[in-house]
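What follows is the residue order along each chain.
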Amino acid sequence: KLKVRRSNSIKDYVSVAGPLGITHMMMMTKTQAHTNLRVARFPRGPTLFFQVDQYSFMKDIATVLRRPKSSIVQFQTPPLLIMNNFSNDEPHMKVMTSMFQNMFPSINIQKLKLADVRRVVLISYEEKDDFVHIRHFNVQAVPVGMSRQVKKLINMRVPNLSTCSDISDLLLAGDLSESEAEDAADTQVTLPQHVPGRGNEKQQKSAIRLTELGPRITMRLTRVEEGFCDGEVLYHRYVKKSKTEVAKMQSQIKKKEQLRTQRRKEQEKNVKLKQKKKEEHRKRCSDGQKRKMMPEAFNEKIDHSDDDDDVEYYRKEVGADPDSGMLLASKRKQHSGGRPSGKRPRR
């Protein structure tokens, strides 16, 4: 189970984002002056910085509503994304539009099932004050043209029949409260597919109702950075730099990147050198163990190219043939350099 600790850094989240399939990260911080929101894309950015003007949690929205809509089924499928008034051609607006679009999975209209459409996320841009409004709604389809009593029967709720003399008194009753009035004409649609809910059958007319779920955020874009919470500043709302300052900043970023690349290469070189030394040490240890277990197989080879000359010399000096092991022992002693065996000599 993934746990978040105070000691975690941004690098920890970047390392686990790929295996877990996480594409974006949202970080909200609060200072004495403002509440700020950062939206970053894994693993290399960009990063958008927002100054939050107003916000409300989901629990705050639920306490205001008379009948809040909340269930686990709603969050089993991704929501629809509706973006309003994002038609500005400025570079920072294009980056912000692309960021919001990539936060939600793409939709294939030809294969979309209306039964999976349970939520809507509305992101609206207000060009006058440069505000971005985010709203989150629940989507519900309700059949139209039915009285309150008929809806109760469809929903398997038995009404009070004590005041009715006939079934027609129940079905023709027209007592509707203000909240149960007929939906507006622009909210009524003919369903091309079956939608969850009793009475929402194919080719039947139903009304689409939205119930806010929260959270609700009103914010303003202040800065855009190229990397993941780091890198070149592509846009700043309050700080404007000249071309000379921008070129100087870019040269500094390039120097830092070159230094980082050089350090990475040195680290890789040092790692390879350590691995090579480790392998050589392991090989020497392995050969030493084998030499102790099988000394005969690892006896050093002795050069016998001068054996004939030594035998002839021995015959001339001594007048007899040497023993078979005498020359071999002599060779071994010469090869070892006459080193002592480690035993103390007798007195």
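That block above? That's the structure.
My aim in this report is to walk through the structure given alongside it, one point at a time. Computed from a predicted structure; not experimentally measured. (Residues numbered from 1 in each chain as written. Predicted model: local features only at pLDDT ≥ 70, side-chain atom pairs only at ≥ 80, totals over all residues. Heavy atoms only, no water.)

Brief notes about the overall build of the chain
In terms of helices and strands, the chain carries eight helices and 10 strands. Residue burial in the chain is summarised as follows: out of 347 residues, 23% are buried. The contacts in the chain between residues at least 6 apart in sequence include a share of 58% that link residues at least 24 apart. Total accessible area on the chain is roughly 26700 Å²; 51% of this is exposed by carbon and sulfur atoms. (Helix = DSSP H or I, 4+ residues; strand = E, 2+ residues; numbered from the N terminus. Buried < 20%, exposed > 50% of the residue type's maximum accessible area, 1.4 Å probe, protein only. Contact = heavy atoms within 4.5 Å. Areas by Shrake-Rupley, 256 points an atom, 1.4 Å probe, with all protein chains shown as cover.)

Describing the pairing of strand 8 (residues 205-212)
Sheet topology note: the strand 6 (residues 131-143)/strand 8 ladder contains seven bridges and is antiparallel. Residue pairing in the sheet places Gln140 in a bridge with Arg209 of strand 8. Judged from the three bridges that link them, strand 7 (residues 188-190) and strand 8 form a sheet pairing that is antiparallel. In the sheet register, Gln188 faces strand 8, and the bridge partner there is Ala207. (Pairing = 2+ DSSP bridges.)

Points about unusual backbone geometry
Most peptide bonds are trans, and most residues other than glycine sit at a negative phi. In this model, Phe42 is joined to Pro43 through a cis peptide bond whose omega is -10°. In this structure, Pro43 sits in the loop between strand 2 (35-41) and strand 3 (47-56). Residues other than glycine seldom take positive phi values, yet Asn85 does so here, at roughly 70°. Here Asn85 is to be found in the loop between strand 4 (80-84) and helix 3 (91-102). Given a relative accessible area of 35%, Asn85 falls into the partly exposed group.

Quick word on the side chain of Gln74
Residue position: Gln74 is located in the loop between helix 2 (58-64) and strand 4. Assessed through its relative accessible area of 6%, Gln74 is described here as buried. Reaching out from Gln74, the side chain makes a polar contact with the side chain of Asn138 at a distance of 2.8 Å. (Polar contact = N/O pair within 3.5 Å; in protein donor to acceptor, adjacent residues only side chain to side chain.)

Focus on the layout of surface pockets
Within this model, the second largest pocket holds a volume of roughly 700 Å³. Top contributing element to the lining of the second largest pocket by residue count: helix 6 (residues 243-293), with seven residues. For the lining of the second largest pocket, the residue count by class is seven nonpolar, four polar and eight charged. (1 Å grid on protein atoms, 1.4 Å probe; cavity = no way out; pocket = protein on both sides within 12 Å on 5 of 7 lines; lining within 4 Å. Points joined across faces, edges and corners; volume = space filled by probe spheres on them. Nonpolar A, V, L, I, M, F, W, Y, C, P; charged D, E, K, R; others polar.)

Looking at empty space enclosed by the protein
Which parts of space are left empty comes out when a probe the size of a water molecule is rolled across the atoms. Scanning the entire structure with this criterion turns up two cavities of 30 Å³ or more. Looking at the second largest cavity, its volume works out to about 40 Å³. Looking at the lining of the second largest cavity element by element, the count peaks at three residues for helix 3. Here the lining of the second largest cavity is composed, by residue class, of six nonpolar, one polar and one charged.

A few points about the pattern of salt bridges
Tallied over the entire structure, the rule returns five salt bridges. Salt-bridge contacts for Glu212 lead to Arg216; the nearest nitrogen and oxygen are separated by 2.6 Å. Two residues, Arg260 and Glu257, come together in a salt bridge whose shortest N-O distance is 3.3 Å. In this pair, Arg260 and Glu257 both sit in helix 6, three residues apart, roughly one turn of the helix. (Salt bridge = Lys/Arg side-chain N within 4 Å of Asp/Glu carboxyl O.)

Re the nonpolar core
Ranked by internal contacts, the top residues of the largest apolar core, which has 21 residues, are Phe50, Phe86, Met96, Phe100, Val132 and Met219. Every element with two or more residues in this core is listed here: strand 2, strand 3, helix 3, strand 5 (119-126), strand 6 and strand 9 (216-225). Counting residues in hydrophobic clusters, the runner-up holds seven residues, among them Ala17, Ala40, Phe228 and Cys229. (Core = buried A, V, L, I, M, F, W, Y, C linked by side-chain atoms within 4.5 Å.)

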